[in-house]
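Fold and geometry: a report
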Amino acid sequence: MKLEKQAILKALEQITIAGEGKNMVESGAVKNVITFGDEVVVDLILSTPALHIRKRAEADILKTIHEQVYDKAKVTVNVKVEAPTPQKPEIKGKPIPGIQNIIAIASGKGGVGKSTVTANLAITLAKMGFKVGLLDADIYGPSAPIMFDVANERPLSVKVGDKSKMKPIENYGVKILSIGFFTQPDQAVVWRGPMAAKALNQMIFDAAWGEIDFMLIDLPPGTGDIHLSIMQSLPITGAVIVSTPQHVALADAKKGVAMFQQESINVPVLGIIENMAYFTPEELPENKYYIFGKEGAKNLAEDINVPFLGELPLVQSIREAGDIGRPAALQVATATESAFETITRNVVQEVVDRNDNLPPTEAIKITTMAGCSVVKK
């Protein structure tokens, strides 16, 4: 008896391989069927090496052909296992038109001055001539409105094309959006992760940011939902970690670095900033007191092979300036202004190096000319 290939395939359509949900012909598991008189050769490709699944598939093929096509058919089943190549999970976001470099500012724990550093970095970048945006992503403890003296401001709606978008609040040359603009000063934000993520996405994508050279994102302390939401939403150029020199803060800062360096996240760590590195009394300007330990963040940076971006002293005026909404980087010709400028230039240089050695977030790159940092379009 001469067997027909189409009759064999029609019979095999009634067999489903465990775990696949489709019949073996529809799923592509049957790669070929060859007939020679009463002989049948079935080439089968399985995605799992499990022996019991292979044996079950072979038995089902023999039984089906014998029962539905020809009971004396000589059936040979050749099974090959081709497990699908596992793809590395990637967390990627979509670019925002006009925003060239996005820097996440993070800390392993609260109380290390991350928001203060972010505000002063933003102002220093603006003083250098860059177009700067600041997204206060610390949903549960927003501080940017107070630090920029805009706590009573509210974003307006503007038309961009045929869409209505939020217009960021601007002060000191920095465009700012924060959940603090939409809540009362004494109102607690009690949201689960998905609600917080939705609010952040609105501030990111439903805002008229315009042209921005550097977008700084002030992340909440620790590692959690908000961090993942930001990294899923945006193509982060790099991350900066802020820590004090003490061991407790350094242990958490190390976890923060590890989060960004996870294979599934893979955000370049631009470096570590050591805040509250030492205390110098006003009456003893030459003295340095290492209240929280000496060079802890610098040593951590060396140990984990990430750049050390610089240190900031524990100065009362930095705290006072933030509290009254006029960050310390605005003070001209002071040691504080100089310290923030040094760290900011180091951050910019790290972004330059990152964009030279890795695919940039956008087609634009940052370069340096005659000691000044500029954006090259």
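So, here's what we can say about the structure. (Residues numbered from 1 in each chain as written. Predicted model: local features only at pLDDT ≥ 70, side-chain atom pairs only at ≥ 80, totals over all residues. Heavy atoms only, no water.)

**Things to note about the sheet that holds strand β1 (residues 30-36)**
Which entries qualify depends on this criterion: Note on pairing: two strands pair once DSSP finds at least 2 bridges between them. In this description a helix means any DSSP run of H or I spanning at least four residues, a strand means any run of E spanning at least two, and both kinds are numbered starting from the N terminus. With axes taken as lines fitted to C-alpha atoms, and helix axes fitted only over the stretch in contact, angles between N-to-C directions fall between 0 and 180 degrees. Contacts are residue-level and defined by heavy atoms, with any inter-residue pair within 4.5 Å sufficient.
An order of β1-β2-β3 is seen for the three strands of this open sheet, with the pairing classed as mixed. Since the sheet does not close on itself, it has two edges, and those belong to β1 and β3 (74-81), each with one partner. Across the sheet, the mean angle from the axis of one strand to that of its neighbour is 15°, orientation sign disregarded. By the bridge criterion, eight bridges tie strand β2 (residues 39-46) to β3 in an arrangement that is parallel. Bridged to D43 within β3 is N78. Sheet contacts for helix α1 (residues 5-12): β1 and β2; angle to β1, the most-contacted strand, approximately 140°.

**Description of the packing of helix α7 (residues 247-261) against helix α8 (residues 296-303)**
For the record, the criterion: Crossing handedness is defined as follows: a turn of the near helix away from the far one that is anticlockwise and smaller than a right angle gives a left-handed crossing, while the clockwise case is right-handed.
Relative to each other, α7 and α8 sit at 35°, their axes nearing to 10 Å. Considering how the two elements wind past one another, α7 and α8 form a crossing that is right-handed. Contacts from L250, A253 and K254 in α7 reach G296, A297 and L300 in α8.

**Overview of empty space enclosed by the protein**
With a probe scaled to a water molecule rolled over the atoms, the places where space remains empty come into view. Spelled out, the test is: Definitions used for this entry: grid spacing 1 Å over protein atoms alone; cavity, a set of points where a 1.4 Å probe fits but cannot get out; pocket, an open set with protein on both sides within 12 Å along at least 5 of 7 lines; lining residue, one with an atom within 4 Å of a point. Grid points are joined across faces, edges and corners, and a volume is the space filled by probe spheres set on the points. Here the term charged refers only to Asp, Glu, Lys and Arg, the term nonpolar to Ala, Val, Leu, Ile, Met, Phe, Trp, Tyr, Cys and Pro, and the term polar to all other amino acids, Gly among them.
Across all of its chains, the model carries one cavity of 30 Å³ or more by this definition. One number sums up the size of the largest cavity: a volume of about 30 Å³. Grouping the constituent residues of the lining of the largest cavity by class yields six nonpolar, no polar and no charged.

**Things to note about the pattern of salt bridges**
Note the threshold: The working definition used for a salt bridge is a side-chain nitrogen of Lys or Arg within 4 Å of a carboxyl oxygen of Asp or Glu. Accessibility here uses a 1.4 Å probe with only protein chains present; expressed as a share of the type maximum, an area under 20% marks a residue as buried, one over 50% as exposed, and anything in between as partly exposed.
Counted by the stated rule, this structure contains six salt bridges. A salt bridge links D60 to R56, with the shortest nitrogen-to-oxygen separation between them at 3.2 Å. Of the two residues, D60 and R56 both sit in helix α2 (residues 51-68), four residues apart, roughly one turn of that helix. Overall, the relative accessible area of 19% leaves D60 in the buried class. By relative accessible area, R56 is classed as exposed at 56%. Across the pair K127 and E337 runs a salt bridge whose closest N-O atoms are separated by 2.7 Å. With K127 in helix α3 (residues 114-127) and E337 in helix α10 (residues 335-357), the pair connects residues that are 210 residues apart, well separated along the chain. Overall, the relative accessible area of 43% leaves K127 in the partly exposed class.

**Remarks on the packing of α3 against α10**
The following threshold applies: Should an angle lie under 35 degrees it is considered roughly parallel, over 145 roughly antiparallel, and from 65 to 115 roughly perpendicular; all remaining angles are considered oblique.
α10 packs onto α3 with a crossing angle of 80° between their chain directions and a minimal axis gap of 9 Å. One finds that α3 runs roughly perpendicular with respect to α10. Counting all contacts with α3, which are made through V117, N120, L121, T124, L125 and K127, the residues of α10 involved are E337, F340, E341, I343, T344 and V348. For the contact of α3 with α10, a count of residues per class yields six nonpolar, three polar and three charged.

**Considering the pairing of β1**
Alignment of β1 against β2, held across six bridges, turns out to be antiparallel. Bridge assignment links F36 to a residue of β2, and that residue is E39. Between β1 and β2, which pair antiparallel in sequence order, lie two residues; one of them, G37, sits at a positive phi of approximately 60°.

**Re a negative patch on the surface**
Convention followed: Here, patches come from residues exposed beyond 30% relative accessible area and free of salt bridges, joined within 9 Å for like charges and within 5 Å for nonpolar side chains (Val, Leu, Ile, Met, Phe, Trp, Tyr). Using a 1.4 Å probe, the Shrake-Rupley method yields the accessible areas, and only the shown protein chains count as cover for residues. When charges are counted, Lys and Arg are positive and Asp and Glu negative, with His and the chain ends excluded. A single reference atom marks each charge: NZ on Lys, CZ on Arg, CG on Asp, CD on Glu.
A cluster of like negative charges, contributed by E295, E302, D303 and E311, occupies part of the molecular surface. Turning to its location among the elements, E295 is positioned in the loop between β12 (269-274) and α8.

**Observations concerning α2**
Selection rule: A helix is expected to reach a length of 1.5 Å times the quantity of its residues less one. The arc in question is traced by the directions running from the helix axis to the C-beta atoms.
With 18 residues, α2 should cover 26 Å at 1.5 Å per step; its first-to-last C-alpha distance of 26 Å lies within 8% of that length. Those residues of α2 not exposed but buried are I53, A57, D60, I61, T64 and I65. Taken down its axis, α2 places every buried residue within 115° of arc, on the same side. α2 presents H52, K63 and E67 as exposed residues on the side facing more than 90 degrees away from its buried surface. For α2, the secondary structure elements touched by its buried residues are α1, β2 and β3.

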